[in-house]
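Here are the chains, one letter per residue:
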Amino acid sequence: NAGVMQNPRHLVRRRGQEARLRCSPMKGHSHVYWYRQLPEEGLKFMVYLQKENIIDESGMPKERFSAEFPKEGPSILRIQQVVRGDSAAYFCASSPFGQVGQPQHFGDGTRLSIL
Amino acid sequence: ILNVEQSPQSLHVQEGDSTNFTCSFPSSNFYALHWYRWETAKSPEALFVMTLNGDEKKKGQISATLNTKEGYSYLYIKGSQPEDSATYLCAFFDNQAGTALIFGKGTTLSVSS
């Protein structure tokens, strides 16, 4: 049973370009969470999605960032017009139910570097 | 602003030593506390999810306790082995703060053989 799959593992972009990060949850999981880890910081919640719905985007920057989890296919975190400060590790996690009494299963992350 | 504090930030022990670290969180509106183990170059792996005051959970040589009234959880490792070297994260869920898990920065454990 494959775990949470994130790709790419490493992504390099120049300032002003777009970055697309993909996350395929574990089989049977319909709840996806995105986290960001800035250098020397802990994991920070960004957004929680269920299939075709954004449940909580309170941790998402208001501009340039968006997320989706379509009926078919992976969840996508999209960053438009990237800036140096977007350089970070982005982690996706999934769970079968949207209850915080359930553990979350994490992917290996995407390391985004902005030149 | 809700904050989760973990201490110590890092710890170095010898193989066979027992050790413990602390996670502190706001005691009001508690809903759940998660512990994760994060090895270098791997993804965080869930150890425990604790919801009740006085909860004690155990997995092999690792155990955790929870005190929701005073806002802390302890993680214990009995007889540390080099393969226990990792960063241990705790994450707190507040009942009134939406759906976000709030993570501490972790305690990094290094076990020498």
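Structure's up top.
The following paragraphs examine the structure supplied in this document.

Here is what the cut-offs are and how they apply
- Residues numbered from 1 in each chain as written.
- Chains lettered and ligands numbered in written order.
- Predicted model: local features only at pLDDT ≥ 70, side-chain atom pairs only at ≥ 80, totals over all residues.
- Heavy atoms only, no water.
- Helix = DSSP H or I, 4+ residues; strand = E, 2+ residues; numbered from the N terminus.
- Rg over C-alpha atoms; globule rule 2.2 N^0.38 Å.
- 1 Å grid on protein atoms, 1.4 Å probe; cavity = no way out; pocket = protein on both sides within 12 Å on 5 of 7 lines; lining within 4 Å.
- Points joined across faces, edges and corners; volume = space filled by probe spheres on them.
- Nonpolar A, V, L, I, M, F, W, Y, C, P; charged D, E, K, R; others polar.
- Pairing = 2+ DSSP bridges.
- Axes fitted to C-alpha atoms, helices over the stretch in contact; angles between N-to-C directions.
- Contact = heavy atoms within 4.5 Å.
- Buried area = accessible area lost by both parts, 1.4 Å probe.
- Salt bridge = Lys/Arg side-chain N within 4 Å of Asp/Glu carboxyl O.
- Buried < 20%, exposed > 50% of the residue type's maximum accessible area, 1.4 Å probe, protein only.

## Details of the overall build of chain A
Phase 1 of the analysis: Across its full length, chain A carries zero helices and eleven strands.
Phase 2 of the analysis: Helices and strands appear in chain A in the N-to-C order β-β-β-β-β-β-β-β-β-β-β.
Phase 3 of the analysis: By the compact-globule yardstick of 13 Å for 115 residues, chain A fits well, its C-alpha radius of gyration being 13 Å.
Phase 4 of the analysis: Across its three principal directions, the C-alpha atoms of chain A cover 35 × 25 × 25 Å.

## Things to note about the layout of surface pockets
Phase 1 of the analysis: A volume near 790 Å³ is recorded for the largest pocket.
Phase 2 of the analysis: In this structure, the largest pocket is lined by 30 residues; those nearest its centre are Glu41, Gly42 and Leu43 of chain A together with Gly104 and Lys105 of chain B.
Phase 3 of the analysis: Taken together, the elements giving at least two residues each to the lining of the largest pocket come down to β5 (43-50) of chain A together with β1 (5-7), β9 (86-94) and β10 (101-103) of chain B.
Phase 4 of the analysis: Its residues assigned to classes, the lining of the largest pocket comprises 14 nonpolar, eleven polar and five charged.

## Overview of the sheet that holds strand β3 (residues 19-24) of chain A
All names here are of chain A.
Phase 1 of the analysis: Here four strands make up an open sheet; going across it, the order is β1-β3-β8-β7 and the pairing antiparallel. Edge strands, defined here as strands with exactly one partner in the open sheet, are β1 (5-7) and β7 (65-68). The mean inter-strand angle of the sheet, taken between neighbouring strand axes irrespective of direction, is 15°.
Phase 2 of the analysis: Sheet topology places β7 next to strand β8 (residues 75-79); four bridges connect them, and they run antiparallel. By the bridge assignment, Ala67 is partnered in β8 with Leu77.

## Here's the deal with the interface of chain A and chain B
Phase 1 of the analysis: Taken together, the contacts link 19 residues of chain A with 20 residues of chain B.
Phase 2 of the analysis: Between chain A and chain B, a total of about 1600 Å² is buried, with carbon and sulfur atoms accounting for 64% of that surface.
Phase 3 of the analysis: The interface formed by chain A and chain B includes zero salt bridges.
Phase 4 of the analysis: Of all the secondary-structure elements, those providing two or more residues to the side of chain A that touches chain B are β4 (31-37) and β5 of chain A.
Phase 5 of the analysis: The element contributing the most residues to the side of chain A that touches chain B is β5 of chain A, with three residues.

## Re the pairing of strand β7 (residues 62-67) of chain B
Each regular strand displays side chains that alternate between the two surfaces of the sheet.
All names here are of chain B.
Phase 1 of the analysis: Judged by how many residues are buried, β7 sits mostly within the fold: five of six residues are covered.
Phase 2 of the analysis: Where strand β6 (residues 56-59) meets β7, four bridges bridge the pair, whose relative direction is antiparallel. For Glu56, the partnering residue across the bridge sits in β7 and is Thr65.
Phase 3 of the analysis: A loop of two residues connects β6 with β7, the two strands running antiparallel in sequence, and Gly60 in this loop sits at a positive phi of about 65°.
Phase 4 of the analysis: One ladder, built from six bridges, connects β7 with strand β8 (residues 72-77); its direction is antiparallel. In the strand pairing of β8, Thr65 is matched with Tyr74.
Phase 5 of the analysis: Joining the antiparallel neighbours β7 and β8 is a turn of four residues, in which Gly71 adopts a positive phi near 75°.

## Regarding the pairing of strand β5 (residues 45-50) of chain B
Residue and element names in this part refer to chain B.
Phase 1 of the analysis: In terms of residue burial, β5 counts as a mostly covered element, since five of its six residues are buried.
Phase 2 of the analysis: Where strand β4 (residues 30-38) and β5 come together, five bridges link them in antiparallel fashion. Counterpart to Trp35 in the pairing with β5 is Phe48.
Phase 3 of the analysis: What sits between the antiparallel neighbours β4 and β5 is a turn of six residues, in which Ala41 has the positive phi angle 65°.

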